[in-house]
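Coordinate inspection notes
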Amino acid sequence: MSAIYHKEVKGFLSSMIGYVCIAFLLAVTGIYFTAYHLQAAYPRFSFTLQGILFVFLIAVPVLTMRVLAEERHQKTDQLLLTSPVSITGIVLGKYLALVTIFLIPIIIIALYPLILMQFGTVSLPMAYTSLAGFFLLGCCFLAIGMYLSSVTESQVIAAVLTFLVLFVCYVIPGISSFFPETASASFYILLIAAVVLTLPVYCMTHYTLSTLLFGLMAGLLLTVFYITVPSLYEGLVQKLLYAFDISSHFSEFAAGVLDVTGIVYYLSMIGVCLFLTVQSIQKRRWS
């Protein structure tokens, strides 16, 4: 795993991708830092971090698009799969390399609260708690981008998919407000979602019968629960969407609260995405 890690870090730092992402993140952070704190004199450093969350929508796809898609496109993934390193080791090595590149601007940004102390009183525990949440959020987005890079051999498609997924996660609070919270509305929305999910099931199995059985079973279960426990569906769509509202968990860190729930959530999302990445490579290995 260490060989994969060092190879990936060297690859990022010997090309323009790593430097461009680091420079872009630092440039945008510097603009917000100057506007919020040096000019407007806001004492809470979390204002800057909350303001630059949209940067992930651009930086993460650029950083992760090549990590696995390029290996697959150039057919060098066959060399990795036949190497003495396990697939889990390969995925962890590449992911830790991404985290290392992301950690470089985080270390530089960590100096900003110390600069603010030269101009007034700043709560360092609150500032560094928000920075810790910002780092976890970035690591979570990197894991999502890495998984999406493993499902295609095109870097462009990987970047577009990552951008779309992160954008949807970013605007989920607004999306959830469009759906009624009534039980009947949630029931019909979930029925439609069950029908839509039959498409990826068919793509994975290529069996029409199994796809129909999946759709019928999902519809039957939803109907049974709606008849027996209709109160279960009240606001259910909003609750399900909230599970994918990754950015909202950062608000607790921004308020200076070391939120254990948020830490567990981010680590769980990272673990799930890395597991899915391993399974995606395993499936392609034996197909």
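This text goes with the structure placed above it.
Residues numbered from 1 in each chain as written. Predicted model: local features only at pLDDT ≥ 70, side-chain atom pairs only at ≥ 80, totals over all residues. Heavy atoms only, no water.

1. What to know about the overall build of the protein
Our working definition: A helix here means a DSSP run of H or I that spans at least four residues, while a strand means a run of E at least two residues long, and both kinds are numbered starting from the N terminus. A contact between two residues is defined here by any heavy atoms of the two lying within 4.5 Å. In short, Shrake-Rupley with a 1.4 Å probe defines the accessible areas, and a residue's cover is counted only from the protein chains shown. The charged-residue count follows a simple rule in which Lys and Arg add positive charge and Asp and Glu add negative charge, with His and chain termini not counted at all. Charged side chains are reduced to one point each, which is NZ for Lys, CZ for Arg, CG for Asp and CD for Glu.
For the protein, the count of helices and strands is 16 helices and 0 strands. A principal-axis box enclosing the C-alpha atoms of the protein has dimensions of 65 × 50 × 30 Å. Across the protein, contacts joining residues at least 24 apart in sequence account for 76% of those joining residues at least 6 apart. When the accessible surface of the protein is totalled, it reaches about 15,000 Å², and 75% of it is carbon and sulfur. One way to put it: in the protein the 11 positive side-chain charges average out to a point 12 Å from where the 10 negative ones average out.

2. Overview of the nonpolar core
Rules: As used here, the term nonpolar core means buried Ala, Val, Leu, Ile, Met, Phe, Trp, Tyr and Cys residues forming a set that is joined through side-chain atoms within 4.5 Å. The classification of residues rests on relative accessible area computed with a 1.4 Å probe and restricted to protein chains. Under 20% of the type maximum is buried, over 50% is exposed, and intermediate values are partly exposed.
Ranked by internal contacts, the top residues of the largest apolar core, which has 60 residues, are Tyr95, Phe134, Ile246, Phe250 and Tyr266. Sorting the residues of this core by element identifies α2 (16–39), α4 (56–64), α7 (87–109), α8 (112–116), α9 (124–150), α10 (155–170), α15 (250–254) and α16 (260–286) as the ones contributing at least two each. Top element by residues in this core is α9. It accounts for 13 residues. Excluding its chain neighbours within four sequence positions, the residues that come into contact with tyrosine 266 are Gly133, Leu136, Leu137, Cys140, Ile246, Ser247, His249, Phe250 and Phe253. If you look at the next biggest cluster of nonpolar residues, it comprises 8 residues, including Ala183, Ala194, Leu222 and Leu236.

3. Focus: the environment of alanine 194
Within the secondary structure, alanine 194 is located in helix α12 (residues 183–205). When its relative accessible area of 9% is taken as the criterion, alanine 194 is described as buried. Considering only alpha carbons, one finds alanine 194 and glycine 93, 101 residues apart in sequence, at a separation of 36 Å. If we skip the residues at most four places from it in the chain, alanine 194 touches Phe214, Ala218 and Leu222.

4. Overview of a nonpolar patch on the surface
Our working rule: Patches draw on residues past 30% relative accessible area with no salt bridge. Two like charges within 9 Å are joined, as are two nonpolar side chains (Val, Leu, Ile, Met, Phe, Trp, Tyr) within 5 Å. Salt bridges are counted wherever a side-chain nitrogen of Lys or Arg sits within 4 Å of a carboxyl oxygen of Asp or Glu.
A cluster of nonpolar side chains, namely Val156, Val160, Phe163, Leu164, Phe167 and Val168, defines an oily patch on the protein surface of about 510 Å² accessible area. Note that phenylalanine 163 resides in helix α10.

5. Section: the environment of valine 195
Along the chain, valine 195 turns up in helix α12. With a relative accessible area of 57%, valine 195 lands in the exposed category.

6. Section: the state of the cysteines
As a reminder of what qualifies: Disulfides are defined in this document as cysteine sulfur pairs within 2.5 Å.
Tallying each qualifying case throughout the model produces 0 disulfides. Cysteine 169 carries a free sulfur, and the closest cysteine sulfur to it, the one in cysteine 140, is 8.0 Å from it. For cysteine 169, a relative accessible area of 7% translates into the label buried. Summary of cysteine pairing: cysteine 273 is not part of a disulfide, and the nearest cysteine sulfur, belonging to cysteine 140, is at 6.0 Å.

7. A closer look at the packing of aromatic side chains
Both the distance between ring centres and the angle between the ring planes are used here to describe each pair of aromatic rings. The condition is simple: When the centres of two rings from Phe, Tyr and Trp lie within 6.5 Å, Trp using its six-membered ring, the rings pair. Their planes under 30 degrees apart give stacked, over 60 give edge-to-face, and anything left gives tilted.
Taken as a whole and judged by the stated rule, the model has 20 aromatic pairs. With centroids separated by 6.3 Å and ring planes inclined at 70 degrees, the aromatic side chains of phenylalanine 33 and phenylalanine 45 adopt a geometry described as edge-to-face. With phenylalanine 33 in helix α2 and phenylalanine 45 in the loop between α2 and α3 (46–51), this residue pair connects regions lying 12 residues apart in the sequence. A relative accessible area of 2% means that phenylalanine 45 is categorised as buried. Judged by centre distance (6.4 Å) and plane angle (40 degrees), the rings of phenylalanine 102 and phenylalanine 134 are tilted. Of the two residues, phenylalanine 102 is situated in helix α7 and phenylalanine 134 in helix α9; the sequence distance between them amounts to 32 residues. Note on accessibility: phenylalanine 102 and phenylalanine 134 belong to one class, buried. Aromatic ring contacts, followed pair by pair, group Phe56, Phe102, Phe134, Phe135, Phe141 and Phe250 into a single cluster.

8. A look at the environment of lysine 7
Positionally, lysine 7 belongs in helix α1 (residues 2–13). Assessed through its relative accessible area of 46%, lysine 7 is described here as partly exposed. When the C-alpha positions of lysine 7 and lysine 94 are compared, they lie 8.7 Å apart, and in sequence the two are 87 residues distant.

9. Some points on the packing of α7 against α9
As a reminder of what qualifies: In this analysis an axis means a line fitted to C-alpha atoms, helices contributing only their contacting stretch, and an angle means the value between N-to-C directions, from 0 to 180 degrees. Crossing handedness is defined as follows: a turn of the near helix away from the far one that is anticlockwise and smaller than a right angle gives a left-handed crossing, while the clockwise case is right-handed. In this classification, the charged set is Asp, Glu, Lys and Arg, the nonpolar set is Ala, Val, Leu, Ile, Met, Phe, Trp, Tyr, Cys and Pro, and all remaining amino acids, among them Gly, are polar.
Two elements in contact, α7 and α9, have axes whose closest approach is 10 Å; the angle formed by their N-to-C orientations is 145 degrees. Once α7 is placed against α9, the crossing between them reads as right-handed. Here Val91, Lys94, Tyr95, Leu98, Val99, Phe102, Leu103, Ile106 and Ile109 of α7 come into contact with α9, specifically with Leu131, Phe134, Phe135, Gly138, Cys139, Cys140, Leu142, Ala143 and Met146. Residue classes in the contact of α7 with α9 are distributed as 16 nonpolar, 1 polar and 1 charged.

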